[in-house]
Amino acid sequence: MTSENQTLATLHEAAAEVGLVVRATQKVGALPNTTRTRLRQWALDGRAGEMDYLVSNTPLLEDPRAWKSWAKSMVIVALPYAREAGSFRGGGRVARYAMGRDYHNLIGKRLIRLGKRLRTAGLADDFRACTDAAPIAEREWAIESRVGWRGKNTLVLDPEYGPWVLLGELLVDQYLPEYRAPKSRWASCGTCTRCLEVCPTGALDSAWSIAARLCLSYLTIELNGAIPTELRSAMGEWVFGCDLCLEVCPFGDQAGDHSEEWGRLEAFDQLRLEDLLSLDEASFLQYFQGSPIRRPGRAGLARNACVVLGNLGRGEAELAKALETHDEPLVRGHAAWALGQIGERAALQARWSLESDRQVRSEIEAALEAC
Ligand code: B12
Ligand code: SF4
Ligand code: SF4
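Keep in mind the model is a prediction, meaning the values are calculated, not measured.

## Let's talk about the site of ligand 1
Point 1. Ligand 1 sits among 39 residues. The nearest are Glu 138, Glu 140, Val 156, Trp 208 and Ser 217.
Point 2. Contacts to ligand 1 include Ile 136, whose backbone N or O atom sits 2.9 Å from a nitrogen atom.
Point 3. When residues of the shell around ligand 1 are traced back to their parent elements, those giving at least two are helix 2 (33-44), helix 6 (138-144), strand 8 (165-172), helix 8 (216-222) and helix 10 (244-247).
Point 4. When residues of the shell around ligand 1 are assigned to their parent elements, the largest contribution, 4 residues, is made by helix 2.

## A short note on the packing of helix 17 (residues 345-352) against helix 18 (residues 358-370)
In a pair of packed helices, the angle between the axes and the distance between the axes together describe the arrangement.
Point 1. Running from amino to carboxyl end, helix 17 crosses helix 18 at an angle of 145 degrees, the nearest separation of the two axes being 10 Å. In terms of crossing hand, the pair formed by helix 17 and helix 18 is left-handed. Facing Arg 345, Leu 348, Gln 349, Arg 351 and Trp 352 of helix 17, the residues of helix 18 in contact are Arg 361, Ile 364, Glu 365, Ala 367 and Leu 368.
Point 2. For the contact of helix 17 with helix 18, a count of residues per class yields 5 nonpolar, 1 polar and 4 charged.

## Quick look at the environment of Leu 319
Point 1. Within the secondary structure, Leu 319 sits in helix 15 (residues 316-325).
Point 2. Residue classification places Leu 319 among the buried residues on the basis of a relative accessible area of 0%.
Point 3. In the structure, Leu 319 is positioned 50 residues away from Asp 269 in sequence and 21 Å away in space, judged by C-alpha atoms.
Point 4. Ignoring anything within four residues of it in the chain, the contact list for Leu 319 reads Leu 277, Cys 306, Leu 309, Arg 314, Ala 335, Ala 338, Leu 339 and Ile 342.

## Section: the domain arrangement of the protein
Point 1. Per the domain assignment, the segments of the protein are domain 1 (3-185) and domain 2 (194-370).
Point 2. Domain 1 and domain 2 are separated by 29 Å when their C-alpha centres are compared.
Point 3. The interface of domain 1 with domain 2 comprises 48 residues on the first partner and 57 residues on the second.
Point 4. Looking at the side of domain 1 facing domain 2, the largest losses of area belong to Arg 47, Phe 88 and Arg 93, adding up to 17% of the total buried there.
Point 5. At the surface where domain 1 touches domain 2, the tally comes to 5 salt bridges.
Point 6. Here Glu 247 ties to Arg 96 by a salt bridge, and the two come within 2.6 Å at their closest N and O atoms.
Point 7. For the interface between domain 1 and domain 2, the tally reads 32 residue pairs in polar contact (both at pLDDT 80 or more).
Point 8. Mapped onto the side of domain 1 that touches domain 2, the elements with two or more residues apiece are strand 2 (73-80), strand 4 (93-94), helix 5 (103-120) and strand 6 (149-150).
Point 9. It is helix 5 that provides the largest number of residues to the side of domain 1 that touches domain 2, a total of 4 residues.

Reading the values: the criteria
- Residues numbered from 1 in each chain as written.
- Chains lettered and ligands numbered in written order.
- Predicted model: local features only at pLDDT ≥ 70, side-chain atom pairs only at ≥ 80, totals over all residues.
- Heavy atoms only, no water.
- Near = heavy atom within 4 Å.
- Polar contact = N/O pair within 3.5 Å; in protein donor to acceptor, adjacent residues only side chain to side chain.
- Helix = DSSP H or I, 4+ residues; strand = E, 2+ residues; numbered from the N terminus.
- Axes fitted to C-alpha atoms, helices over the stretch in contact; angles between N-to-C directions.
- Left-handed = near helix turned anticlockwise from the far one by under 90°.
- Contact = heavy atoms within 4.5 Å.
- Nonpolar A, V, L, I, M, F, W, Y, C, P; charged D, E, K, R; others polar.
- Buried < 20%, exposed > 50% of the residue type's maximum accessible area, 1.4 Å probe, protein only.
- Domains from an automatic or database assignment.
- Buried area = accessible area lost by both parts, 1.4 Å probe.
- Salt bridge = Lys/Arg side-chain N within 4 Å of Asp/Glu carboxyl O.

As structure tokens, this is what we get:
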């Protein structure tokens, strides 16, 4: 065995020991010029919404050495997570990646263990585990290294699991031999446009590019303030994230069920959407411990639940109580909108003269006009 093959064998073995499969190793450097230009243009076009970190991180995204000057190689992993569609008890859909353990923890910890093993084997000294929350253009690197190809929904499509894979990388300070899957496993979207057609907000306004500020995943998870009124109906039943452009992708049809590995958060069987409106901070943190659902915070999740209840036309009593008593004006405002959708004038009128927050008052007025 050559020393390069020996190194790769050690790497694959170490990865298997920590529950990962190495999909590629790649030399770290600047992304190709065309990709860098697209990244910059995307930010300039205002498609990032409030995610300013994507815009300010553009130089780091273009070349990981601007972030970690010691980085020489990148090990890329991709974990399948396909599973049954998820929801809260009685409805309110949740993106499948969030139905079980938080992938940031799961992949992150495994990558750290891999890094330690590489250090012991003399293949790394410094290393950094990355998954999602790091200034790395993960899909670009996965595509560069042939882990998969770019779908029109902008996601990396894996030959086996379609869009149902989560990506992670380990940056290391030593050169590892390059390893890539053969390109023969690649396919392409061809004439398919299912994801563009199914997107309820028009976020996928052109193939291979997303207006993130319109995506339900952004609106329900990343956005801090009010959800723009004109997009609330398009949320349908989605209370956290959205999987529509993954569910329609034919490359995901044989992705299998990986729920056993990821587990299932008990809160989804215990809580109804209505219950989210009255959670206090301590119970919110307890129910969603170790879950990505914590990301929008207690108020953000209750805000989303109000919109979905309005769309489903249920939960009048809980919405009226939230309008009257919720400590967050953001939630009171969205409860007002939902009551307007359901046609509950009495609750709106009763609150209008008592409400002191200007934004909530204008939500009540708009809701009264809408009923
Ligand atoms: C910000 C972010 C979001 C944003 C923006 C999404 C996006 N598509 O960029 C929001 C909040 C909307 C989001 C949603 C989701 N996300 Co997200 N997200 C990220 C994050 C942190 C950064 C992505 C980024 O930099 N976007 C910036 C722009 C510039 O990317 P872009 O629109 O794709 O632009 C490129 C292309 O348009 C391309 N391009 C444009 N025109 C053309 C033309 C041609 C011919 C070509 C070849 C290329 C091309 O050039 C641009 C620059 O490269 C990554 C993790 C990471 N660090 O990379 C995860 C990540 C992309 N998300 C992920 C997931 C799972 C999701 C969701 C499925 C979660 C959910 N169920 O709700 C949805 C999917 C929505 C969708 N269709 O993308 C996974 C995707 C895994 C995969 N298989 O690809 C990632 C990689 C996280 C991870 N570690 O696994 N996400
Ligand atoms: S996740 Fe939903 S809202 Fe976002 S691009 Fe896909 S279909 Fe559209
Ligand atoms: S749904 Fe069709 S167009 Fe969209 S990513 Fe999948 S194969 Fe490509």
